[in-house]
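Here are the chains, one letter per residue:
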Amino acid sequence: MKSAVENLNPTRVRLTVEVPFEELKDSLDAAYKKINQQVTVKGFRKGKIPARVIDQRFGRGAVLEEAVNDALPKFYTEAVNEAELSVLGQPEVDITELKDGETLNFTAEVDIRPAIEIPDYSGIEVEVDAVEVTDEDIEKSVEQLRERFASTTPVERAAEDGDVVTIDLEAKVDGEVLEDGIANGVSYTIGSGELLDGIDDAVKGLSAGEEATFTSELKGGSAAGREAEVTVKVTQVAARELPELDDDFAQLASEFDTLDELKADSRKRLANMKQFDQATQAQERVLEKLLELVEVPVPEKLLEDEINTRKHNLEHHQLGQMGLTLDKYLEIQGKTAEEFETETREAAIKGIKTQFVLDELVKQEKLNVNQDELTEHLMRRAASSGMSPDQFAQAVVEQGQVPLLVGEVARGKALAVVVEAATVKDTNGEIVDLDDEDETEAEADAEQSAEVTEGDKKDDQA
């Protein structure tokens, strides 16, 4: 077999392959054997029909077609390996010549990973938010905890802001009560904004046993996004009582004995959260700078597949679970279809470029993924998917996606290497020293931001 490579552009090649006919012998033998098992000829036992009889009865062309279909993937793979190509997706194959007993010639056009040169990235500088915890932050945190321990007491008066009301709801569209438009015994805190728009104004001033009707756009269910006439009946009004902010509250709501100790712990936790946010911000901004330094051509077919995948996931998974259509989602977001298309395309381009650059860094820095790192990543992915680690691991193995997870971890490590080499300053001009824990968190976030695209999945499976 002889093969040659023609570069059509930085991300696509054409392979020209010439196969001497004798190299088709194994595939021809397999073709005759397969046809033998599928047909019957009077006078011959099944599976014992001579090749010349098969040629006479069914035509040599049928045999050649079967043999070529069997042989093409093998010769294509040999040509790819010989040229040391990193291919993306499936090739477009064209048989240019097939002469019985002489030769098989074909071409295969396929997208490839572009050659990327990673420049010196040690000079990258980024600015991130300073870690500052104010007294106001602490008070807000403690107040949120206090809200969780609020108690309620039924009262014989009209409902007011902050009260917890028990209500029955009935929604009508075009005068008809929806099948899923009735809900009884719903507990709702007035002013929380957790139910329908307009409900706060409707229930305020109502006492137990009274009802009101208002118009609101439904957020979910069979008529999501449509205007409905909603009748709300109050069955109970209860006043919320917040506990006193003292040492007794600290002992009730935490493991601490005093309110001062509780506040000190809140300060520490808020600082840790802001340090994590700072590390994540550093990772995102370093990645932006890195991508600006590197020229990355993007294969059009891969980009098209990635855009379609993102749209499909949004429409059929994320929005579907919320009962929203794409048009309604765009309306809520205040975006036009053109703006959505542009944003999706830009995000897809960035995702593909990110993976190409980080994969090249993995090779350049000779980064490996050990079992502990893979297990830790698997645990995080399982938690985000709502599956148990065992269930998630089983699904990953059954779907052959272990290499994909390894790639995600490796890319996270590659980005962490760049972050470590960069100069990170906060808004106060102070150098930020990301400790090991922060770097680990940054790696985890990098793994999520550089998750495998559909195109890369095809690449890994090719």
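Cut-offs applied
- Residues numbered from 1 in each chain as written.
- Predicted model: local features only at pLDDT ≥ 70, side-chain atom pairs only at ≥ 80, totals over all residues.
- Heavy atoms only, no water.
- UniProt positions renumbered as here; feature names shortened; annotations may be inferred.
- Pairing = 2+ DSSP bridges.
- Helix = DSSP H or I, 4+ residues; strand = E, 2+ residues; numbered from the N terminus.
- Axes fitted to C-alpha atoms, helices over the stretch in contact; angles between N-to-C directions.
- Contact = heavy atoms within 4.5 Å.
- Buried < 20%, exposed > 50% of the residue type's maximum accessible area, 1.4 Å probe, protein only.
- Parallel < 35°, antiparallel > 145°, perpendicular 65-115°, else oblique.
- Nonpolar A, V, L, I, M, F, W, Y, C, P; charged D, E, K, R; others polar.
- Salt bridge = Lys/Arg side-chain N within 4 Å of Asp/Glu carboxyl O.
- pLDDT = per-residue confidence, 0-100.
- Patch = residues over 30% accessible without salt bridge, like charges linked within 9 Å, V, L, I, M, F, W, Y side chains within 5 Å.
- Areas by Shrake-Rupley, 256 points an atom, 1.4 Å probe, with all protein chains shown as cover.
- Lys, Arg positive; Asp, Glu negative; His and termini not counted.
- Charge placed at Lys NZ, Arg CZ, Asp CG, Glu CD.
- Core = buried A, V, L, I, M, F, W, Y, C linked by side-chain atoms within 4.5 Å.
- Domains from an automatic or database assignment.

An unreviewed UniProt entry lists the protein under the name Trigger factor, with Streptomyces spinoverrucosus given as the organism. In the Catalytic activity (unreviewed entry) part of its UniProt record, the protein is described as follows: "[protein]-peptidylproline (omega=180) = [protein]-peptidylproline (omega=0)". UniProt's Sequence similarities (unreviewed entry) comment on the protein is quoted here verbatim: "Belongs to the FKBP-type PPIase family. Tig subfamily."

**Student:** Please clarify how the pairing of strand 8 (residues 176–189) should be interpreted in this entry.
**Tutor:** Within a regular beta strand, the side chains point alternately toward one face of the sheet and then the other, so they alternate between its two faces. Relative to strand 8, strand 7 (residues 164–173) runs antiparallel, the two being bridged by 8 bridges. Its bridge partner lying in strand 8, L169 is registered against A183. In this antiparallel pair of consecutive strands, strand 7 and strand 8, the connection spans 2 residues, and D174 shows a positive phi of 55°.

**Student:** Honestly, the sheet that holds strand 3 (residues 87–99) in this entry has me stumped. Any pointers?
**Tutor:** The strand order across the open sheet formed by 4 strands is 1-2-4-3, and the pairing between neighbours is antiparallel. Each edge of the sheet is formed by a strand with only one pairing partner; in this case those strands are strand 1 (2–9) and strand 3. On average, adjacent strands in this sheet sit at an angle of 20° to one another, irrespective of strand direction. Sheet analysis places strand 2 (residues 12–20) next to strand 4 (residues 103–112), joined by 9 bridges and oriented antiparallel. Bridge assignment links T16 to a residue of strand 4, and that residue is T107. Across the sheet, helix 3 (residues 60–83) touches strand 1, strand 2, strand 3 and strand 4, and the angle it forms with strand 3 is around 125°.

**Student:** Hey, could you run me through the environment of R148 in this one?
**Tutor:** Secondary-structure assignment places R148 in helix 4 (residues 135–148). Accessibility expressed as a relative area gives 67% for R148, which makes it exposed. Each C-alpha atom of the pair R148 and P243 lies 9.9 Å from the other, and the pair is 95 residues apart in sequence.

**Student:** What should I look at first to understand unusual backbone geometry in this one?
**Tutor:** Phi is mostly negative for residues that are not glycine, and the peptide bonds are mostly trans. Although it is not a glycine, E84 adopts a positive phi angle of roughly 55°. One can find E84 in the loop between helix 3 and strand 3. A residue is classified by how much of its surface remains accessible, and E84, at 71% relative accessible area, is exposed. A positive phi angle, close to 55°, is found at D174, a residue other than glycine. Locating D174 in the fold gives a position in the loop between strand 7 and strand 8. With relative accessibility at 69%, the residue D174 sits in the exposed group.

**Student:** I keep staring at the packing of helix 10 (residues 337–364) against helix 13 (residues 402–421) and nothing clicks. Help me out?
**Tutor:** Angle between the axes and distance between the axes: these two values describe a pair of packed helices. With their axes 8 Å apart at the nearest point, helix 10 and helix 13 run at an angle of 80° to one another. With respect to helix 13, the axis of helix 10 lies roughly perpendicular. The residues of helix 13 that touch helix 10, namely those facing Q355, L358, D359, L361 and V362, are A410, R411, A414, L415 and V418. Its residues assigned to classes, the contact of helix 10 with helix 13 shows 7 nonpolar, 1 polar and 2 charged.

**Student:** Would you mind going over the pattern of salt bridges with me for this structure?
**Tutor:** Close approach of charged atoms lets side chains of opposite charge pair. Across all of its chains, the model carries 34 salt bridges by this definition. Between E288 and K350 there is a salt bridge; the shortest N-O distance is 2.5 Å. Of the two residues, E288 sits in helix 7 (residues 259–293) while K350 sits in helix 10, which places them 62 residues apart along the sequence. Exposure remark for E288: the relative accessible area of 36% places this residue in the partly exposed category. Across the salt bridge formed by E306 and R310, the nearest N and O atoms sit 2.8 Å from each other. With E306 and R310 both in helix 8 (residues 300–322), this residue pair falls 4 residues apart, about one helical turn.

**Student:** How should the pairing of strand 9 (residues 211–217) be read in this particular structure?
**Tutor:** Judged by which residues are buried, strand 9 turns out to be one-sided: A212, F214 and S216 face inward and are buried, whereas E211, T213, T215 and E217, on the alternate face, are not. Two strands pair when backbone bridges link them, and strand 9 and strand 10 (residues 227–241) are joined in this way by 7 bridges, in the antiparallel orientation. Bridge assignment links E217 to a residue of strand 10, and that residue is E227.

**Student:** Quick question: what am I supposed to make of the confidence of the model for the protein here?
**Tutor:** Should pLDDT be low for a region, the predicted coordinates there are not to be read in detail. Averaged over all residues, the pLDDT of the protein equals 89, while 94% of them reach at least 70. Under a pLDDT of 50 for its full length, residues 449–462 has, in the predicted model, 36 contacts with residues more than four places off or in other chains.

**Student:** How should helix 9 (residues 326–333) be read in this particular structure?
**Tutor:** Side chains that are three or four residues apart share a direction in an α-helix, a result of its 3.6 residues per turn. When helix 9 is considered as a whole, its buried residues turn out to be L326, K328, Y329 and L330. Just downstream of helix 9 lies G334, where phi reads positive at about 70°.

**Student:** Could you clarify how one ought to interpret a negative patch on the surface in this entry?
**Tutor:** A cluster of acidic side chains, namely D247, D248, D257, D260 and E261, defines a negative patch on the protein surface. When contributions to the negative patch are tallied by element, the ones reaching two or more residues are helix 6 (247–253) and helix 7. On the secondary structure map, E261 appears in helix 7.

**Student:** Is there a simple way to think about a nonpolar patch on the surface in this case?
**Tutor:** A cluster of nonpolar side chains, V93, I95 and L98, forms an exposed patch at the surface whose accessible area comes to about 220 Å². For V93, the location among the structural elements is in strand 3.

**Student:** How do you make sense of the nonpolar core when you look at a structure like this?
**Tutor:** Proteins that are soluble and globular tend to have nonpolar side chains buried together. Ranked by size, the top nonpolar core spans 36 residues in total, and within it I124, L290 and L361 carry the most contacts. Contributing elements (two or more residues each) for this core: strand 5 (125–128), helix 7, helix 8, helix 10 and helix 13. Looking at which element gives the most residues to this core, the answer is helix 10, with 7 residues. Leave out the neighbours within four places in its chain, and I124 touches V286, K289, L290, L293, V418, A422 and T423.

**Student:** Looking at this structure, how should I read the domain arrangement of the protein?
**Tutor:** Interface size, as often reported, equals the accessible area lost upon joining of the parts. For the protein, the domain assignment lists domain 1 (2–111), domain 2 (151–241) and domain 3 (253–454). Each of domain 1 and domain 2 has a C-alpha centre, and the two are 69 Å apart.

**Student:** For this particular structure, what's the right way to read the UniProt feature "domain: PPIase FKBP-type" (unreviewed entry) in the protein?
**Tutor:** The UniProt feature table records "domain: PPIase FKBP-type" (unreviewed entry) at residues 162–215. Secondary structure over residues 162–215 splits into 9% helix and 54% strand, and the C-alpha atoms at its two ends are 22 Å apart.

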